Amino acid sequence: MDLDDLCQGSRSTYQLDIGPSTARTQNWKWRKLISSVWARRLDRVNALGNEDYGHTGCVNALSWARNGELLISSGDDQNLRVWRMDHSSDPTNEYPFTCQTVINTGHGANVFNAQMLPSSTRIATVAGDKQVRVFDVGESVSRSPTGNEMSYTTQQACIRVLRCHSRRTKRIITEDSPDFFLTVAEDGEVRQHDLRTPHSCTTDGCPAPLVKLPHELSTIALSPLTPYQFVVGGESPFAYLFDRRHAGRYLREEWGMLPSAAHATTCVRRFSRQSRAPGEAKGYEHITGARMSAWNGHEVLLSFSSDAVCLYSTRDEPGTSSMIRKSSILPPNTKRRKKDFSESPSNTRDDEDQSSFDPRIRDIPEVLWEHEGMGMDVDDEPVCNDDEEDVDDDDDDDDERSISATDVNTHAPVIYPRMRFSGHCNVETVKDVNFLGPYDEYVTSGSDDGNFFIWKKSSGEVVDVLEGDDNVVNVIEGHPTLPLVAVSGIDTSIKVIMFEIHLECKIKKVLPQLFAPARGPAAYSRYRNVTSIIERNARVSRRGVNHTAYLQLAHLVMHHDNALEAMRNTENGDTADPDPEARLAQCLNQ
């Protein structure tokens, strides 16, 4: 079987004899062949839906199910769609997908994530209405009995509604069980749900959370090889590694008393960086995406807002970093003077042996190291006088205060990055991050410029930049067995004019798109312009602090308008808006 057979042959045949449990021992030849295909340029091969068919709002949720046989999508239209590869529908298309099932979820806000529970026909969703919902329409979820698209109402499909979270729920993590999954929400909680155990959310009968942090959480990651560990991140400069083998219980909360932080699930590691990026404001560090490797179980990807994607390992020693830089390896986490941050990498190691540098650095484009946030504080002024005394530590104390206000796991050791992947722009929305390839040998992330980037994990080199959306790419999900990628994004516009803020959400027809190895020139590849794209994204990322200020001002004005509107409604006897942030959330908080 050659590469053309791989791209042209029957996908369903290839998918039947490969699975996570046997991939390493019986299908190493298949993985090697797939890995070689990933080295090719990718191109867009399909768009799911059109102007008259498909989702009518932004697509926030994409996930492959049943080993890649199905693709599940959902988003702002609050409809759940199940797509299935069907060659009979379009023999001329190499990757023909048709929608088999449409479910009206009944959620009252945007759906942020949807996952099929393993070894079942159940699909769990989380949304901005704080709810977790579970749907089941039997085997018709994967194959329509009539051959046409089947639609189901909420009453027909929904089998469970969980209201355990008190704020918007953002992500779901499934395990090897049709009844068991984890959810994370902006209330700072990670909850463990078991559908075999009924409870009533309306009578305060919800089980105690697995994790409770004093700040918003927006992402969670878990590897099937190490399911006892999971990583969470959100409105904090740290991501946290928890180990359920050390799990405690919120006994006080179970007894109806206020919980104590000392009784939480054990945080065994924290992941962080040496300093903020130029576009990050103090106290507003934010992690938008996290992913753990399904291939080795210990590598962790974190996407930092207004900064880069960083690669960590749960096996690394705390306080050290093996991350490749242009001229040095990051030192342990020690308190340094501001003038140390202002020194360029080329001046910090001139007297050291250059043979200690990693030879792979030659493969990384020079532009990747320009304007890097690691080693330069956005508020620092250049210091040129070597005889100058230490700069006052007030700002450092401010940083410590801002961190301590949100970090209750200060006892957990800190791990620093192995590698850093930059060039994209992550300012406007909440973007996921992911591994690609059969050995997780590539790293990918969306960008505010409508492209998505693919880096080689071993070197940090940008290997491809592809156009995925007119404005922003948020979600990228690689097929579990084929060299196929599903991508979705959002088209938004935020206008700030003098003292009046006009928030306009330009939601056009947004379609999930599929990318696969190209046979000829890749029409959607932007790799030929990679240098200019990276430079432009670096400029936008450095202005991220201003963008954050605009968003805060937008929220302030919106709440002011909502308060006035609520007062007017009360005077007129009308019902106030139950969710005043819904209008802004659709544009800003995908």
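Scroll up to find the structure.
Since this is a predicted model, take the numbers as computed values, not measurements.

**Some remarks on the overall build of the protein**
Secondary structure summary: the protein contains twelve helices and 32 strands in total. A burial count over the protein gives 55% of its 590 residues as buried. Just so you have it, the protein exposes about 26,000 Å², and 48% of that area is on carbon and sulfur atoms.

**Notes on the sheet that holds strand β3 (residues 70–75)**
The sheet built from five strands is open, its strands ordered β2-β3-β4-β5-β9 with mixed pairing. Of all strands in the sheet, those with a lone pairing partner are β2 (59–65) and β9 (150–152), marking the two edges. Each strand axis lies, on average, 20° off the axis of its neighbour in the sheet, ignoring direction. Across four bridges, β3 lies against strand β4 (residues 79–85) in antiparallel orientation. Of the residues in β4, the one forming a bridge with Ser73 is Arg81.

**Quick word on helix α10 (residues 530–542)**
The end-to-end C-alpha distance of α10, which contains 13 residues, comes to 18 Å, matching closely the 18 Å that a straight helix rising 1.5 Å per residue would cover. Among the residues of α10, Val530, Ile533, Ile534, Asn537, Ala538 and Ser541 are the ones counted as buried. With its buried residues spanning 135° around the axis, α10 presents them on a single face.

**A look at the pairing of strand β21 (residues 309–313)**
For β21, the tally of buried residues reaches five of five residues, placing the bulk of the element in the interior. Taking every second residue as pointing to the same face, both faces of β21 are buried, with Val309, Leu311 and Ser313 on one and Cys310 and Tyr312 on the other. Bridging between strand β20 (residues 299–304) and β21 involves five bridges; their strand directions are antiparallel. If you follow Ser303 over to β21, its bridge partner there is Val309. In this antiparallel pair of consecutive strands, β20 and β21, the connection spans four residues, and Ser306 shows a positive phi of 65°. Across three bridges, β21 lies against strand β23 (residues 419–421) in antiparallel orientation.

**Here we look at the packing of aromatic side chains**
Scanning the entire structure with this criterion turns up eleven aromatic pairs. Between Tyr240 and Phe242, the aromatic rings sit 6.4 Å apart at their centres with planes inclined by 40°, giving tilted as the arrangement. Each member of the pair Tyr240 and Phe242 is classed as buried. In this structure an aromatic cluster arises from ring pairing among Phe230, Phe238, Tyr240 and Phe242. We note Arg41 situated over the ring of Tyr527; from NZ or CZ to the ring centre the distance is 4.2 Å.

**Here we look at the pairing of strand β19 (residues 287–292)**
Within β19, five of the six residues are buried, which leaves the element mostly enclosed by the surrounding structure. Bridge count between β19 and β20: five bridges; the pairing is antiparallel. Directly across from Ile287, in β20, lies its bridge partner Phe304. Connecting β19 to the antiparallel partner β20 that follows it, the hairpin turn spans six residues, and Gly297 within it adopts a positive phi of roughly 80°.

**A few points about unusual backbone geometry**
In this structure, Asn67 takes a positive phi of about 60° despite not being glycine. Look at Asp440: it is not a glycine, yet its phi comes out positive at around 55°. Residue position: Asp440 is located in the loop between β24 (433–436) and β25 (442–446).

**A word on the nonpolar core**
In this structure, Leu71, Phe97, Phe452, Ile454, Leu484, Val485 and Leu514 are the most contacted members of the largest nonpolar core, which totals 32 residues. Each residue touching Ile454, except ones within four places of it in the same chain, is listed here: Leu42, Leu436, Tyr442, Val443, Thr444, Glu461, Val462, Val463, Asp464 and Leu466. Listed in part, the 19 residues of the second largest apolar core include Ile220, Val232, Phe242 and Tyr416.

**Section: the sheet that holds strand β11 (residues 169–174)**
Strand pairing in a sheet relies on backbone hydrogen bonds. The paired strands run either parallel or antiparallel. Taken in spatial order, the four strands line up as β11-β12-β13-β14 in an open sheet, and their pairing is antiparallel. Of all the strands in the sheet, just β11 and β14 (211–212) have a single pairing partner and so form its edges. Of the pairings in the sheet, the one linking strand β12 (residues 180–185) to strand β13 (residues 189–194) comprises five bridges and is antiparallel in character. Looking across to β13, one finds that Thr183 is bridged to Arg191.

**Side note on the side chain of Arg191**
Secondary-structure assignment places Arg191 in strand β13. Of the residues examined, Arg191 reaches a relative accessible area of 7% and is grouped as buried. Separated by 3.4 Å, the side chain of Arg191 and the backbone oxygen of Cys164 make a polar contact.

Definitions and limits used
- Residues numbered from 1 in each chain as written.
- Predicted model: local features only at pLDDT ≥ 70, side-chain atom pairs only at ≥ 80, totals over all residues.
- Heavy atoms only, no water.
- Helix = DSSP H or I, 4+ residues; strand = E, 2+ residues; numbered from the N terminus.
- Buried < 20%, exposed > 50% of the residue type's maximum accessible area, 1.4 Å probe, protein only.
- Areas by Shrake-Rupley, 256 points an atom, 1.4 Å probe, with all protein chains shown as cover.
- Pairing = 2+ DSSP bridges.
- Axes fitted to C-alpha atoms, helices over the stretch in contact; angles between N-to-C directions.
- Expected span 1.5 Å × (residues − 1).
- Arc of directions from axis to C-beta.
- Phe/Tyr/Trp six-rings, centres within 6.5 Å; stacked < 30°, edge-to-face > 60°.
- Lys NZ or Arg CZ within 6 Å of the ring centre and 35° of its normal.
- Core = buried A, V, L, I, M, F, W, Y, C linked by side-chain atoms within 4.5 Å.
- Contact = heavy atoms within 4.5 Å.
- Polar contact = N/O pair within 3.5 Å; in protein donor to acceptor, adjacent residues only side chain to side chain.

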